[in-house]
Amino acid sequence: MFHVEHCAFPIIIRIFAAKKAPSRMFNQYDVIVVGAGHAGCEAAAAAANLGSKVLLCTMNMQTIGQMSCNPAMGGVAKGQIVREIDALGGYSGIVTDKTMIQFRMLNRSKGPAMWSPRAQNDRALFAAEWRNMLEQTPNIDFWQEMAIGLVVKDHRVVGIRTALGIEIAAKSVVLTNGTFLNGIIHIGEKQFGGGRIGEKAATGLTAQLLELGFEGGRMKTGTPPRIDGRSLDYNKMEIQEGDEPSGRFSYLDTPKPKEQRCCWITYTNDKVHELLRTGFAQSPMFAGRIKGLGPRYCPSIEDKIERFSERERHQIFVEPEGWHTVEIYVNGFSTSLPEKVQYDALRLIPGFENAKMFRPGYAIEYDFFPPTQLKPTLETKLIENLFFAGQINGTTGYEEAACQGLIAGINAHQKINEQDEFVLNRHEAYIGVLIDDLINKGTEEPYRMFTSRAEYRLLLRQDNADVRLTPLGHKLGLANDERLTKTLQKINNASTVLEDFGQWSVAPDDINALLESVGSAPIERKTKLLNILLRPHVDMQLLAGIGRVGEYLGQFDELALQHAEIEAKYASYIAKEQEMADKMSRLENIRLRTGFDYKTITSLSAEAREKLNRIQPNTLGQASRISGITPADISVLMVHLGR
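Parameters at a glance
- Residues numbered from 1 in each chain as written.
- Predicted model: local features only at pLDDT ≥ 70, side-chain atom pairs only at ≥ 80, totals over all residues.
- Heavy atoms only, no water.
- Helix = DSSP H or I, 4+ residues; strand = E, 2+ residues; numbered from the N terminus.
- Rg over C-alpha atoms; globule rule 2.2 N^0.38 Å.
- Buried < 20%, exposed > 50% of the residue type's maximum accessible area, 1.4 Å probe, protein only.
- Contact = heavy atoms within 4.5 Å.
- Areas by Shrake-Rupley, 256 points an atom, 1.4 Å probe, with all protein chains shown as cover.
- Lys, Arg positive; Asp, Glu negative; His and termini not counted.
- Charge placed at Lys NZ, Arg CZ, Asp CG, Glu CD.
- pLDDT = per-residue confidence, 0-100.
- Pairing = 2+ DSSP bridges.
- Salt bridge = Lys/Arg side-chain N within 4 Å of Asp/Glu carboxyl O.
- Axes fitted to C-alpha atoms, helices over the stretch in contact; angles between N-to-C directions.
- Left-handed = near helix turned anticlockwise from the far one by under 90°.
- Nonpolar A, V, L, I, M, F, W, Y, C, P; charged D, E, K, R; others polar.
- Arc of directions from axis to C-beta.

**As for the overall build of the chain**
Part 1 of the reasoning: Within the chain, the regular secondary structure consists of 22 helices and 22 strands.
Part 2 of the reasoning: For the chain, whose C-alpha radius of gyration is 27 Å, the value lies close to the compact-globule estimate of 26 Å for 643 residues.
Part 3 of the reasoning: Across its three principal directions, the C-alpha atoms of the chain cover 115 × 70 × 50 Å.
Part 4 of the reasoning: Counting all 643 residues of the chain, 56% fall into the buried class.
Part 5 of the reasoning: Nonlocal contacts in the chain, meaning residues at least 24 apart in sequence, comprise 72% of its contacts between residues at least 6 apart.
Part 6 of the reasoning: With the model as given, the accessible surface of the chain reaches about 28200 Å², and the carbon-plus-sulfur share is 51%.
Part 7 of the reasoning: Averaging the locations of the 74 positively and 77 negatively charged side chains of the chain gives two centres separated by 3 Å.

Listed below in structure tokens is the structure:
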């Protein structure tokens, strides 16, 4: 008896010690990124390329860079964000270019501030390319397991805790959990835990963050059914082809597709709407089972029918999932109605009469944390060296997530190396607009970027993201020498063309036929090329029709010529916007004291005192953009600061 007890005791001690002792599998990392979606991938790449030792922790190595919803990148304002990520040295633009099956430049009929690139992608290749690029990036290690908690000491994060009980030490942590935090999937009256169909939800982190003092909430998003493309009748749909020649996202010489796949457009009708209404009683949204806040600008089909009952039809985009699959993404038909209702309604859409469903659409609810709890660097105010990026901050969309990941990854590296924080202002990038909106205004619904959110959108065009941001990325150490060289060459070439056009005159006989072909008035005497370029219907391509001019322009890159043309045509508007931005930036240079008690300034409005205390803006400019802060409040602050 004694012998048994004597042997068992050391075994118990060893087991207990194994649970408490740090795992010898891991040395301390500089940055741990939790989650390998678009935000996590960019965060890991950015921190690693700046020199940090990074661990990317994900529940499933097979879904790194997964496109959870539509197989596309870019779109209105989103395309500008992808260009900005690329200009800074991020990976999203390169991955998009290498895996695209179609490219389109949206809003060509509008001014250049509205032009937005969009790519249809091969879903499987996109994820594979992301994983390949990360695996080829030095300084990145991978660990497949659920992170269930943070290790926090003295209000500073020092590591993560996994489901296996392993503690992995780190100097900083970036949380990019997407829709996985306590995720619940809804299909009709059925509901089950999951962060994505077929994948389990992440648990543990939310409870700990709430215990640490963070404010949390619930949001909701959804996805449409997937259809067997062989069962569709495309003759009943409108074809939507890509641009020829195809464009690209990256400013590097990434490959352009040699061929492109078509998309199609069809429409719902009254019969579809009537059938969908038969499932409203079982809808988790209308029945109140979904408590989360849904996206205003990407509503479910049942929400569209309810909110826009006067409309007879809604547009449906029929999008292929890749080069070598028959799977179709039904863009515009996001739903959480019962699967039988989804199926029957789909078959009433023109071209879908014989449709076969691969899987139904569903809604997903998940935890998020209001982003007013963050600094402009995306570091949390409560816990030092802890950063949030992506849907955990209440955003929706791959592009919005990716740019947050990039900024969080950069600043995680900068912070632990005691280097300057990297913050983009509203006049410098859509990324700056997005983060500024989030941290100052918060969001009561999934935040989506639009050109209308940017007051300086003529400065923030998709064509000049490299001019705006590559020098900053190079100074940071993220954009390489090749990028900077290409950018400087583009700037110099555009300047050369405009300077030469300002000196080069053409005779009426050389150009009048071309001008008349586009409905532009002929000239009567020799005129500078620059003055002709400023006409509404004249562009570089038209001027290239003049033999000598065409030979001259042939030596310059297309992007440099486009940049020169836009800068020339919109020079006065750009100058006016830049002047406004410069005025506002003066407020950005007036720093406010962190931790200041604004309740002591009694001349501020009650709302201003409450919001300034809660958000603790870094600058007077940031304070001016907080919802509810009036010009009078800013004047009071300026008096208080002795300004």
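**Things to note about the confidence of the model for the chain**
Part 1 of the reasoning: Model confidence for the chain is summarised by a mean pLDDT of 92, while 95% of its residues fall at 70 or above.
Part 2 of the reasoning: Segment residues 1–20 is flagged for pLDDT under 50; beyond a separation of four residues in sequence, or across chains, it makes one contact in the model.

**Some points on the pairing of strand 8 (residues 156–162)**
Part 1 of the reasoning: Examined bridge by bridge, strand 7 (residues 147–153) and strand 8 share six bridges and lie antiparallel to one another. Of the residues in strand 8, the one forming a bridge with V151 is G159.
Part 2 of the reasoning: Turn length for the strand 7-strand 8 hairpin, with the two strands adjacent in sequence and antiparallel, is two residues, and the turn residue D154 shows positive phi of about 55 degrees.
Part 3 of the reasoning: Two strands pair when backbone bridges link them, and strand 8 and strand 9 (residues 167–175) are joined in this way by three bridges, in the antiparallel orientation. For I160, the partnering residue across the bridge sits in strand 9 and is I168.
Part 4 of the reasoning: The hairpin turn running from strand 8 into strand 9, its antiparallel successor, is four residues long, and G165 in that turn takes a positive phi close to 85 degrees.

**Quick word on helix 4 (residues 92–99)**
Part 1 of the reasoning: By the criterion of burial, helix 4 is predominantly enclosed, with seven of the eight residues buried.
Part 2 of the reasoning: If you check which residues of helix 4 are buried, you get S92, G93, I94, V95, T96, D97 and T99.

**With respect to unusual backbone geometry**
Part 1 of the reasoning: Of the consecutive residues E244 and P245, the connecting peptide bond is found in the cis state with omega at -5 degrees.
Part 2 of the reasoning: Topologically, P245 is positioned in the loop between strand 14 (238–240) and strand 15 (263–267).
Part 3 of the reasoning: Residue D154 is not a glycine yet carries a positive backbone phi of 55 degrees.

**Concerning the pattern of salt bridges**
Part 1 of the reasoning: Inspection of the entire model under this criterion finds 36 salt bridges.
Part 2 of the reasoning: The shortest N-O distance in the salt bridge between E399 and K78 comes to 3.4 Å. One end of the pair, E399, is in helix 10 (residues 398–416); the other, K78, is in helix 3 (residues 78–88), and 321 residues separate them in sequence.
Part 3 of the reasoning: Accessibility expressed as a relative area gives 3% for E399, which makes it buried.
Part 4 of the reasoning: Bridged by salt links that share partners, the residues R426, D436, D437, K441, E455, E588 and R625 form one connected network.

**Some points on the pairing of strand 17 (residues 327–331)**
Part 1 of the reasoning: Extensive coverage of strand 17 is indicated by the burial of four of its five residues.
Part 2 of the reasoning: Pairing analysis gives three bridges linking strand 13 (residues 226–228) to strand 17, with the strands arranged antiparallel. Each bridged residue has a counterpart across the sheet, and for I227 the counterpart in strand 17 is I328.
Part 3 of the reasoning: Pairing analysis gives four bridges linking strand 16 (residues 315–320) to strand 17, with the strands arranged antiparallel. Within strand 17, the position partnered with E319 by the bridge is Y329.

**Thoughts on the sheet that holds strand 11 (residues 190–193)**
Part 1 of the reasoning: Here four strands make up an open sheet; going across it, the order is 11-10-19-12 and the pairing antiparallel. With partners counted over all chains shown, the strands left at the sheet margins are strand 11 and strand 12 (217–223), one partner each. Within this sheet the neighbouring strands show an average axis-to-axis angle of 25 degrees, counted without direction.
Part 2 of the reasoning: As paired strands, strand 12 and strand 19 (residues 362–368) are joined by seven bridges and run antiparallel to one another. Note on strand 19: the bridge partner recorded for G217 is F368.

**Details of the packing of helix 3 against helix 12 (residues 465–476)**
Part 1 of the reasoning: The interhelical angle for the contact between helix 3 and helix 12, taken along N-to-C directions, is 35 degrees, at an axis separation of 7 Å. When you trace helix 3 past helix 12, the crossing you get is right-handed. On the side of helix 3, the interface is formed by R83, E84, A87 and L88, while helix 12 contributes A465, D466, R468, L469, T470 and G473.
Part 2 of the reasoning: When grouped by side-chain class, the residues that make up the contact of helix 3 with helix 12 number four nonpolar, two polar and four charged.

**Quick word on helix 7 (residues 270–277)**
Part 1 of the reasoning: Among the residues of helix 7, V272, H273 and L276 are the ones counted as buried. Take helix 7 and look down its axis: the buried residues cluster within an arc of 95 degrees, on one side only. Along helix 7, exposed side chains directed more than 90 degrees from the buried face belong to K271 and E274.
Part 2 of the reasoning: Along its buried surface, helix 7 packs onto helix 8 (301–307) and helix 9 (339–346).

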